Amino acid sequence: MGQTGKAVHEVHRLEQLAARDQWVNRIHPLVKFFLTVGYLAVTVSFPAYDLAGTAGMAVYPLALLILADLSFRDTGKRLRLVLPFVLLIGLGNLFFDRNLVQIGGFTIRAGVVSMAVLFVKGTLCVLASYLLIATTSMEKLCYAFGILHFPKAVITQFLLTWRYLTLLLEEVNRMTDAYALRAPGQKGIRMKAWGSLAGQLLLRSMDRADGVYESMLLRGYRGDYAYIRETAPLRGRDAAWLLFWGALFVLFRRFPVLYLAGAGIGGLLS
Amino acid sequence: MHMADALVTPAVAGAMYACSAVAAAYSIRQVRLEEDAKKVPVMGVMGAFVFAAQMINFTIPGTGSSGHLCGGMMLSAVLGPYAGFLTLIGVLLVQCLLFADGGLLALGCNIWNMAFYGCMIGALLIWKPMMKKGITKGRIAAASILGCVLTLQLGAFSVVLETTASHITELPFAAFAAVMQPIHLLIGLVEGLITAAVLIFVHEARPELLFCSRKEDRTAGRFSFGTTLKFLGAAALVTGGLLSLAASSNPDGLEWSVEKIAGTAEPGGGAQNAVQEKIALLPDYAFRGSESAFGTVVSGIAGVLAVAGLCAGICYFFKFLQKHRWAEVKENGADRKGSS
């Protein structure tokens, strides 16, 4: 499977995950969107050396992964593509942050701690975004954007991009496969064909856009695209979910919950 | 160049969201003003096109490495700056949500760094003025290369600024910029060439599709893409070889600043300078012990070849990294296939 084939596979996989009838999938998309943005803001706001505080934020993605019945393995694989750049930036701390910190009686470089914090933050942020899209379909997410009065033109354009993405990816797949069959052993597209290959795709896309527009006109398009038919009202359990996690985020940000829990368990054991 | 969420603080992310929102609001007004209901479906399909076309690997001659299409310049050359900007926002949102390329919190930064510079600066400050006197192949190639290089440089510099303002890394500002800018100079050059090739093809086939096109532009241009490339290569050699003769012997801005601070343009003492003189291939841009013009010309050409060699080396390094990355993805795919 080529690069485009993998991308198509990933789109279909996420669509299937979002379409499942799980408890988490049924939560109002606006609530999930607010919680994700709030979670991201709280997570990245932790100080550079607060490893325990940042690690405590793992509770939300962990809970969602279990509740949504998502594969830990597939989720972990997604991180591999993102974390190298974060680690690359973090390496700077390793070399330039020469302060020393005491952790459990050991003296280590502060740069090691700040790099670890950056790594944890990067992991948690990717997980939170993934969990949003794996439990919410793109149509529902756009419905939430609509409630927030995002411009209709942007939402419609975004949804159309999403709809035609797999179609064009499959077309690219066919074109590159056909090229590869005519040029065996050659990697990529040769310079002579740079313009014609992508240019043909562009012209075909423009013609397709004309066809799409005419079809939309025939179906009554007047600049407003009905992307979701059912309007889901905000229910009590959605509000409770939002309040519960919102309060937990504030709690984890304001207090060293992991230390307090550790001290509590230690006290009980002694 | 997609920034991850972990690299920005909420304050920087919020500020960049605000900047991008202003640009988006203005663009929406402009698109609406044009009263073209067809534009939104075209934008949607073009967004999908850019995403799909960026998956095509274009082989860079002589390196074995590959490059990709520049989305910002491509969209603005076809849709214009405002519709192009809005389309690229959609593409960035899909990339962020679907492929974890960039983050939801850092989306404002990514919109600014890639869509704003790529479409607004690329179309309004480069494409539009250059096409004022009509669209030709030579102008398309020049605008694409200049646009991609400039907008990527601006974007890369913004990444450095945003990361530094977020106090995420202890990397000194200058060192971070010194790493980011040259890498994106090479990427910009390659993306510019690919974008130029595609736009020249569109100009030949359907010139009316291009932004700023006029009826009289719908004839073949003066230069082919290959001729333009040869011209650019020759221009690089002439610039390096002949124009280096005119290089100023006066201190440049950085040397002047150092001279002001340290009292000498080359701080570090005599011993350090002596070692540098000994190991340098062409000290002071001439043969060792020679002040001839020939030495200067040779050093200029050697400089061009050295930079080209460095470019090829970095391309090979990127190719190695990319290979490694896709080997992992392939492995994941095989695992998934096995598990299903």
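Conventions adopted
The residue numbering used here restarts from 1 in each chain and proceeds along that chain's sequence as written. Chains and ligands are labelled sequentially in the order written, the chains with letters from A and the ligands with numbers from 1. Local features in this predicted model are restricted to residues of pLDDT 70 or higher, and side-chain atom pairs are both shown and tallied only at a pLDDT of 80 or more, whereas totals for entire chains, interfaces and linings draw on every residue. The helix and strand labels rest on DSSP assignments: H or I over at least four residues marks a helix, E over at least two residues marks a strand, and numbering proceeds from the N terminus. Each radius of gyration is computed over the set of C-alpha atoms, and the globule rule expresses the reference value as 2.2 Å times the number of residues to the power 0.38. Partly exposed residues are those whose C-beta has more than 12 but fewer than 20 other C-beta atoms within 10 Å; with 20 or more the residue is buried, with 12 or fewer it is exposed, and the C-beta atoms are placed from the backbone. In this description, any two residues whose backbone-derived C-beta atoms lie within 7 Å of each other are considered to be in contact. Helix axes are fitted only over the stretch in contact, all axes being lines through C-alpha atoms; the angle between N-to-C directions runs from 0 to 180 degrees. Here the word oblique covers every angle except those under 35 degrees (roughly parallel), over 145 (roughly antiparallel) and from 65 to 115 (roughly perpendicular). Handedness of each helix crossing follows the sense of rotation of the near helix against the far helix: counterclockwise by less than a right angle gives left-handed, clockwise gives right-handed. The classification used treats Ala, Val, Leu, Ile, Met, Phe, Trp, Tyr, Cys and Pro as nonpolar, Asp, Glu, Lys and Arg as charged, and all other residues, Gly among them, as polar. You can read pLDDT as the predictor saying how much it trusts each residue, on a scale of 0 to 100. Directions from the helix axis toward the C-beta atoms define the arc. An expected span of 1.5 Å times one less than the residue number is assigned to each helix.

Topic: the overall build of chain A
Point 1. The number of helices and strands found in chain A is twelve helices and two strands.
Point 2. In sequence order, the secondary structure elements of chain A are arranged as α-α-α-α-α-α-β-β-α-α-α-α-α-α.
Point 3. Scaling as 2.2 N^0.38, a compact globule of 270 residues should have a C-alpha radius of gyration of about 18 Å, whereas chain A reaches 24 Å, well beyond that.
Point 4. Residue burial in chain A is summarised as follows: out of 270 residues, 34% are buried.
Point 5. Taking as baseline every contact in chain A between residues at least 6 positions apart, the subset at least 24 positions apart corresponds to 78%.

Concerning the packing of helix 2 (residues 39-53) of chain B against helix 4 (residues 81-99) of chain B
All names here are of chain B.
Point 1. At their nearest, the axes of helix 2 and helix 4 sit 9 Å apart, and the two run at 50° to each other. Looking at the two axes, helix 2 sits oblique to helix 4. Note on packing geometry: the crossing formed by helix 2 with helix 4 is right-handed. Listed contacts from helix 4 to Lys 39, Met 43, Met 46, Gly 47, Val 50 and Phe 51 of helix 2 are Ala 83, Leu 86, Thr 87, Gly 90, Val 91 and Val 94.
Point 2. For the contact of helix 2 with helix 4, the class distribution of residues is eight nonpolar, three polar and one charged.

As for the interface of chain A and chain B
Point 1. The interface is formed by 73 residues belonging to chain A together with 68 residues belonging to chain B.
Point 2. Element by element, the count of residues in the side of chain A that touches chain B is highest for helix 10 (residues 194-218) of chain A, at 16 residues.

Re the environment of A:Asp50
Point 1. Note on placement: A:Asp50 falls in the loop between helix 2 (29-44) and helix 3 (51-56).
Point 2. For the pair A:Asp50 and A:Ser114, spaced 64 residues apart in sequence, the C-alpha separation works out to 8.0 Å.

A short note on the environment of B:Val45
Point 1. Among the structural elements, B:Val45 can be located in helix 2.
Point 2. On a C-alpha basis, the gap between B:Val45 and B:Thr87 in space is 9.2 Å, while along the polypeptide they are 42 residues apart.
Point 3. Those residues in contact with B:Val45 that lie beyond four places of it in its chain are A:Leu160, A:Tyr164, A:Ser205, A:Arg208, A:Ala209 and A:Val212.

Section: the confidence of the model for chain B
All names here are of chain B.
Point 1. When the pLDDT values of chain B are averaged, the result is 74; 61% of them are 70 or greater.
Point 2. Helix 9 (residues 253-262) is the least confidently modelled element of chain B, averaging 39 in pLDDT, while helix 6 (residues 137-165) averages 93, the highest of any element.
Point 3. Predicted confidence for residues 246-273 stays below pLDDT 50, and this span has twelve contacts to residues more than four positions away or in other chains.
Point 4. Under the prediction, the complex receives an ipTM of 0.86, its pTM being 0.74.

Things to note about helix 4 (residues 59-67) of chain A
Residues and elements named next belong to chain A.
Point 1. Every buried residue of helix 4 is listed here: Tyr 60, Pro 61 and Leu 64. Buried residues along helix 4 cover an arc of 90° about the axis, so they all sit on one side.
Point 2. The elements touched by buried residues of helix 4 are helix 2, helix 7 (110-135) and helix 11 (236-254).

Section: the packing of helix 1 (residues 3-18) of chain A against helix 9 (residues 152-182) of chain A
All names here are of chain A.
Point 1. Where helix 1 meets helix 9, the axes come as close as 9 Å, and the angle between the chain directions of the two elements is 155°. The orientation of helix 1 relative to helix 9 falls into the category roughly antiparallel. Note that helix 1 runs across helix 9; the crossing there is left-handed. Mapping the contact onto sequence places Thr 4, Gly 5, Ala 7, Val 8 and Val 11 in helix 1 and Leu 165, Thr 166, Leu 169, Glu 170, Val 172, Asn 173 and Thr 176 in helix 9.
Point 2. In the contact of helix 1 with helix 9, the residues fall into six nonpolar, five polar and one charged.

Observations regarding helix 6 of chain B
Each α-helix turn comprises 3.6 residues. Residues three or four places apart therefore point the same way.
Point 1. Its 29 residues place the ends of helix 6 of chain B 41 Å apart at the C-alpha level, agreeing with the 42 Å of an ideal helix rising 1.5 Å per residue.
Point 2. Just downstream of helix 6 of chain B, B:His167 is the residue with a positive phi angle, here 55°.

Focus: unusual backbone geometry
Residue and element names in this part refer to chain A.
Point 1. At Asp 69, a residue that is not glycine, the phi angle is positive and equals roughly 55°.
Point 2. Locating Asp 69 in the fold gives a position in the loop between helix 4 and helix 5 (72-79).
Point 3. Assessed through the 11 C-beta atoms surrounding it within 10 Å, Asp 69 is described here as exposed.

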